[in-house]
Amino acid sequence: MPYQIIVCGGLAPDPLQTLEPVFDPARPSLKNELMLPAVFDPWAAHALYEAGHLARQHPGSVVRVVSLAPKAKLQQVMMTVAQKLPLELVALDGPGGGFTDAAAVAAALADAIAAMPDLDRSRLLLFGGWESATRGAGAVMQRVAERLGITEQFLAVDELSVEADGSLLVKERIEGGRHQISRCSSPPVMLAWATGNLPEPPNHPQTGMANMRVIMPALQKAKPVALEPAAEFLRTALPSVIRQTRVVKDVPAAEIAREIAEWIRQ
Amino acid sequence: MEKTLVLLHTVDGQVPQAGLETLGLAKSLGGEFDLAVLGAGAASAAQQISGGAAGVLAVEGDAFAVSRYATDAAACEALIRASGAPLILAPDTMRFHRALPGVAERLSAAIDTHVVSLNSEGAVERWYYRQRIEASLRRAQRPWILLVEPGSQPAAAPQPGAAPEILSVSCDTRTKIEGFSTPLAGEQTIRPDAPLLFVAGAGWTKKQKDGAVHVEEAANLILDFVRRTQCSLGSSKSLVDLSGEGQAVLPFLTHLHQVGQTGSSPRHKKGLATCCHGEEPHVVGWRFIQERRAINLDPNCGWVRGKADVVYVADAFEVMRELLKLI
């Protein structure tokens, strides 16, 4: 049985970049934000790989990516993402930083999904990351799903399998390093993914070429989205605490062990 | 301070530590507050801690005994509407983190998660960009739901009080909870209540002084230490991802152990890093570890640059062998 899989995902600064906030009470941002190299948000990327895997298992399934980001940055990132698996893109051209409001982002994403003319909601699997590497709120996907009327929702998902009867078996992370196992009888469902179990798919240039033929027109048609600030920021700053590190060198391992053991016991 | 609703859930019939911390935050604000509890044994649990609350509410029953979006969202929505408080404080547990953003959408409310402080002027603090940037903000929108980060507040001492009004809530759902699994078959992962976090870095799987890798010995040393000290076990992302690069791995380390830029940010009192080079993406998850020590062969590793309290420049294999003789 084919599924209509929609993956919501934004962009994030490459994790190895140095980040520095620029404080403007109305619109805080990052220094040189538009110059920072970007990646597809890591958690949304896991959702995308799981979507591609599921689509391969269920022929006829379609993977659509809905992304709200500055169009030029999105185009750069899609050059890489498009090589991973077949997908369609619905692009929204707007600010994508961490200080944008989760509710406004959710509203824009939900509106874009609701406007898809051929969407069969009875086969809909709404995917996204459980949090982003920018805002890190973990609140967007639940709000998107609510706006679409989806009340079967799962957070921090590591595994999804489709059973013989069509029901969906879901493993969600809970406290204490455990998984909760749930069975949902049918779509539509929302799954906000943790890391899942799949590695990043290797690049496949032919897939990338095919994808870019539909992604480029989608980028050109990207709808502009203005996100009005909903919060008043009083301060954004880098943490300032630097520790006075004591470096212990040329000391026998037994002595180091004694010191650590004593520290653990304190 | 405006009226507050402290919204909690039970675990095994009791309000967990994270709930008492949220209650502690509400009490510290000094204003009027309601208390609402959801889950198995919610009424009894609410009465045990409802001292000082203006109103006490509960939702319980089989459907609400388990953590599930549809039922939890319906219950939380009913409790928030019944209280009518403009400010809602709840612990940022996985159960509430799953349910409350959707509830905020139903109530046209604002929500902020991972909140680490709230002052009487209504300003909250939380972190952005994976704990790399801290920010303080406030909102005019009400209702406003705040999910309080476990470990960030002192817990309130339980004070018994009035019995709750029990709300009747109904909800249809297509989801059944089938059980739980522990991927590590009894091994530890990151437990919030452990006093020590032990992090294994990629160095454990690299060639050692004799030019060979010693993954089996590394596994034995790490697991023996974890079992003896009952500490949490974490790893840097690089170690978790080595399997994708065809390198030797420690098979008991999974993405559930991941600490750092793309992992969790635990709040243990003490942390011991071994064979982890201390670069920002891996260390960012240590932001809330109070006392930090590291064992690393590189005297110029990232830990030395003000990120750890003590750095032992030594062979972690040798130190751990000696350490295991002492604990």
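This report concerns the structure included in the present document. By convention here, each chain's residues receive numbers from 1 onward along its written sequence. To read the labels, note that chains go from A and ligands from 1, taken in the order they are written. Side-chain atom pairs in this predicted model are given and counted only at pLDDT of 80 or more, local residue features only at pLDDT of at least 70, and totals for whole chains, interfaces and linings cover all residues. Excluding hydrogens and water, the side-chain figures rest on all heavy atoms present in the structure.

Time to look at the overall build of chain B. Here a helix means four or more residues in a row that DSSP labels H or I, a strand means two or more in a row labelled E, and each is numbered from the N terminus. Within chain B, the regular secondary structure consists of 9 helices and 16 strands. Projected onto the principal axes, the alpha-carbon positions of chain B cover approximately 70 × 45 × 35 Å. With 327 residues in all, chain B has 62% of them scored as buried. His is not counted, nor are the chain ends, whereas Lys and Arg count as positive and Asp and Glu as negative. The atoms used to mark charge sites are NZ of Lys, CZ of Arg, CG of Asp and CD of Glu. When the 32 positive and 35 negative side-chain charges of chain B are each reduced to one mean point, those points stand 3 Å apart. Throughout this description, buried means an accessible area under 20% of the type-specific maximum (1.4 Å probe, protein chains only), exposed means over 50%, and partly exposed covers the range between.

What follows concerns unusual backbone geometry. Glycine aside, a negative phi is what most residues show, and trans is what most peptide bonds show. Put simply, A:Pro187 and A:Pro188 share a cis peptide bond, and its omega is 5°. Of note, the bond from B:Arg142 into B:Pro143 is cis; its omega dihedral lies within 30 degrees of zero at 0°. Relative to the helices and strands, B:Pro143 resides in the loop between strand 8 (133–138) and strand 9 (144–148). Its identity as a non-glycine residue notwithstanding, B:Asp12 has a phi of 55°, on the positive side.

Now for helix 6 (residues 253–265) of chain A. Between the first and last residue of a helix there are one fewer steps than residues, each counted as 1.5 Å, and that sum is the expected span. The end-to-end C-alpha separation of helix 6 of chain A is 18 Å, in line with the 18 Å expected for 13 residues at 1.5 Å each. Along helix 6 of chain A, the positions that sit buried rather than exposed are A:Ala253, A:Ile256, A:Ala257, A:Ile260, A:Ala261, A:Trp263 and A:Ile264. Mapping the buried residues of helix 6 of chain A onto a view down its axis gives an arc of 160°, with all of them on the same face. Any two residues whose heavy atoms approach within 4.5 Å at even a single point are treated as in contact. If you follow the buried residues of helix 6 of chain A, they end up packed against strand 12 (196–200), helix 6 (215–229), strand 14 (270–274), strand 15 (291–296), strand 16 (310–313) and helix 9 (316–326) of chain B. The directions considered for the arc run from the helix axis to the C-beta atoms.

Moving on, we come to the packing of helix 2 (residues 71–81) of chain A against helix 5 (residues 205–220) of chain A. Residue and element names in this part refer to chain A. The contact between helix 2 and helix 5 brings their axes to 10 Å, and the two run at 170°. Accordingly, the angle class assigned to the pair helix 2 and helix 5 is roughly antiparallel. Across from Lys71, Leu74, Gln75, Met78 and Met79 in helix 2, the residues of helix 5 making contact are Met212, Ile215, Met216, Leu219 and Gln220. Amino acids are sorted into nonpolar (Ala, Val, Leu, Ile, Met, Phe, Trp, Tyr, Cys and Pro), charged (Asp, Glu, Lys and Arg) and polar (every other residue, Gly among them). Residue classes in the contact of helix 2 with helix 5 are distributed as 7 nonpolar, 2 polar and 1 charged. Note on geometry: axes are C-alpha line fits, over the in-contact stretch for helices, and angles between N-to-C directions span 0 to 180 degrees. Every angle not falling under 35 degrees, over 145, or within 65 to 115 is termed oblique; those three ranges are roughly parallel, roughly antiparallel and roughly perpendicular.

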